[in-house]
Every structure is written in structure tokens, then in C-alpha cells.
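Structural characterization, general
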Amino acid sequence: GGDNRRGVRTDSVIVGVVDTATGNTTLIGVPRNLQRVRFRPGTPMAELFPDGFPDYLYGIYTYAEDHPDVVPGSDHPGADLLKDTVGYNLGIPIDQYALVNMAGFANVIDTLGRIHVRVTERIPIGGQKSLDGTSILRYPHDYIEPGLYRNLTGRLTLWYSRSRFGSTDYARMVRQRCVLGAVARQVDAQTGLAVVASMSGPGGVLRTDISVTSWLALAKLAGGLLRRIGQP
């Protein structure tokens, strides 16, 4: 989402599977360009699109926000439909979600104190190709050069995560998980919880259905895991 965009599309979808006994967590990147995604049988979307969704996965959120009647009783139809649909296609229950827009993501990184990450390839900033990929409409105006960055800003972290000029969605998914891994390694649970709290609520850049009780339980679980593996 943004001032120069119509509606909101979920450009990056990552499922976190947390073992609530040990704190061990697995991140599953779900390709945003999945086609003909199926919906849970018996739901309004399954009746509307029995052969699968005619747009890419990233359009599901947008469709539900524009047609809230497909998720009766929901306060956030886009998120609830995407949560149910991804869970159905992966074969696992997805209990809760957190949604942050692009500007909010950059703010999160800066508020956390920036991150340390090793860039292994030249990452373009800017640049655009035609929809069929055969011509260049705009060249990159800068690059993130390979190297070890100890204080990558929110803006550059966003470009590192999202840049796809001369790359692929799947390469982006790898970089996105690298960023989340860096955040998990470098941010203690209490700080992370404080940032989440400051950015949620009315007018915040983070929307979620995770309760305060669940946040506290997750923070406690994360703290215990980091202590066992020798991290602050």
C-alpha cells in the first residue's frame, strides 16, 4: 500500500510456525505469485471461484477488502481471508496474523536500532521492467553493494527485502527471511514487544489480531530460547 497505489496487496507472505514448548520457529515463505489458489470448501470464495482464484495470491487480500461480504462477520476481511486460505493450502491452522505496510516496515527497522546483515550480491535500488520482462522502463538509480552492513537503515533494508530488478520473487523471499532472522538474532524479546506495542493500535502501522496475552507469552518464550542458545 502507498499514496501512489490503489488498494493494498500482500507483497510478502511469510508463515511462522512456533513450537510453544521449545520456542523453535520455522519460517515458510509463500510465493506471492501463486496462481489458481483454492479456497476452503463451503466458503463464499470457494463458491465464487470453484476453479481457483483468477488473480495471484497477492490479490486475495485486496479482493476481500473490496468485497467484505465474502468473509461474514470479519473486522478485517482481507487478513482473515488470506489467513484461512494460506492455512488451507498449506494444510496447517494459522491462528493469528500481523500486517505491516512498506513504510511501517522501514519504521520498525529504524525503531529497533537498524540491523546487521551481510549482503552477498549487488542489490539494485529502483529500476523497472515491462510486464513481460522484455524491456527496461527505468534503470536503478543506486545499489546496495556486497559487504557486511552493521547498521542497515530501514529504507535500505526495505530495498534489500523488496528489490526484484534483475532478480526473482524467490530470491526476494530468501532475502526477506534473512532480514527476519537478523531481527530475531539482534533484538531482545522485551525491546521487540515494546516496538510492536508502540506501532499497533488505532492509527498505527501494524495491524494484528494477536492479543496482549499472546504477545507476552511469545516474548517470554523467545527470551527463554535465546538464553538457551547463548544470545542476549
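Numbers given for residues are sequential positions, taken from 1 along each chain in its written order. Where totals are concerned, whole chains, interfaces and linings use all residues; where local detail is concerned, this predicted model gives features only for residues with pLDDT of at least 70, and gives and counts side-chain atom pairs only at 80 or more. Only hydrogens and water are removed before side-chain values are computed, so all heavy atoms of the structure are retained for them.

Points about the overall build of the protein
Basically, it comes down to this: Counting from the N terminus, the helices are the DSSP runs of H or I reaching at least four residues and the strands are the DSSP runs of E reaching at least two. Computation of the radius of gyration draws on C-alpha atoms alone. For the globule rule, the value is 2.2 Å times the number of residues to the power 0.38. For the exposure calls, accessible area comes from a 1.4 Å probe over protein chains only, and a residue counts as buried if that area is under 20% of its type's maximum, exposed if over 50%, partly exposed in between. The contact criterion used is simple: two residues touch if any of their non-hydrogen atoms lie within 4.5 Å. Only the protein chains shown count as covering a residue, and every accessible area follows the Shrake-Rupley method with a 1.4 Å probe. A residue counts as positive if it is Lys or Arg and as negative if it is Asp or Glu; His and the chain ends are not included. To locate a charge, take atom NZ for lysine, CZ for arginine, CG for aspartate or CD for glutamate.
In terms of regular secondary structure, the protein is built from eight helices and eight strands. A globule of 232 residues ought to have a C-alpha radius of gyration of about 17 Å, and the protein, at 19 Å, matches this closely. Per-residue burial for the protein yields a buried fraction of 35% across its 232 residues. Excluding contacts between residues fewer than 6 apart, the proportion of contacts in the protein whose partners are at least 24 apart in sequence is 58%. In the structure as shown, the protein presents an accessible area of about 13600 Å², 53% of it carried by carbon and sulfur atoms. Side chains of the protein carry 25 positive and 21 negative charges; the gap between the two charge centres is 8 Å.

Some remarks on the confidence of the model for the protein
Quick note on the threshold: As a per-residue quantity, pLDDT reports the predictor's confidence and falls between 0 and 100.
Averaged over the protein, the pLDDT score is 86; the fraction of residues at 70 or greater is 93%. By mean pLDDT, helix H7 (residues 189–199) is the weakest element of the protein at 74, and helix H1 (residues 44–48) is the strongest at 97.

As for the packing of helix H2 (residues 59–66) against helix H3 (residues 77–90)
The cut-off we apply is this: Note on geometry: axes are lines fitted to C-alpha atoms, helical ones only across the stretch in contact, with angles between N-to-C directions running from 0 to 180 degrees. Relative orientations are named as follows: roughly parallel for angles under 35 degrees, roughly antiparallel for angles over 145 degrees, roughly perpendicular for angles from 65 to 115 degrees, and oblique for any other angle. By definition, any crossing whose near helix is turned counterclockwise from its far helix by less than a right angle is left-handed, and any crossing with a clockwise turn is right-handed. Residue classes follow a fixed rule: Ala, Val, Leu, Ile, Met, Phe, Trp, Tyr, Cys and Pro count as nonpolar, while Asp, Glu, Lys and Arg count as charged, and any other residue, Gly among them, counts as polar.
At their nearest, the axes of H2 and H3 sit 7 Å apart, and the two run at 135 degrees to each other. Regarding the angle of H2 to H3, the classification is oblique. Classified by chirality, the crossing of H3 by H2 is right-handed. Packed against H2, whose contacting residues are Ile60, Tyr61, Ala64 and Glu65, the element H3 presents Pro77, Gly78, Ala79, Leu81, Leu82 and Thr85 at the interface. In the contact of H2 with H3, the residues fall into seven nonpolar, two polar and one charged.

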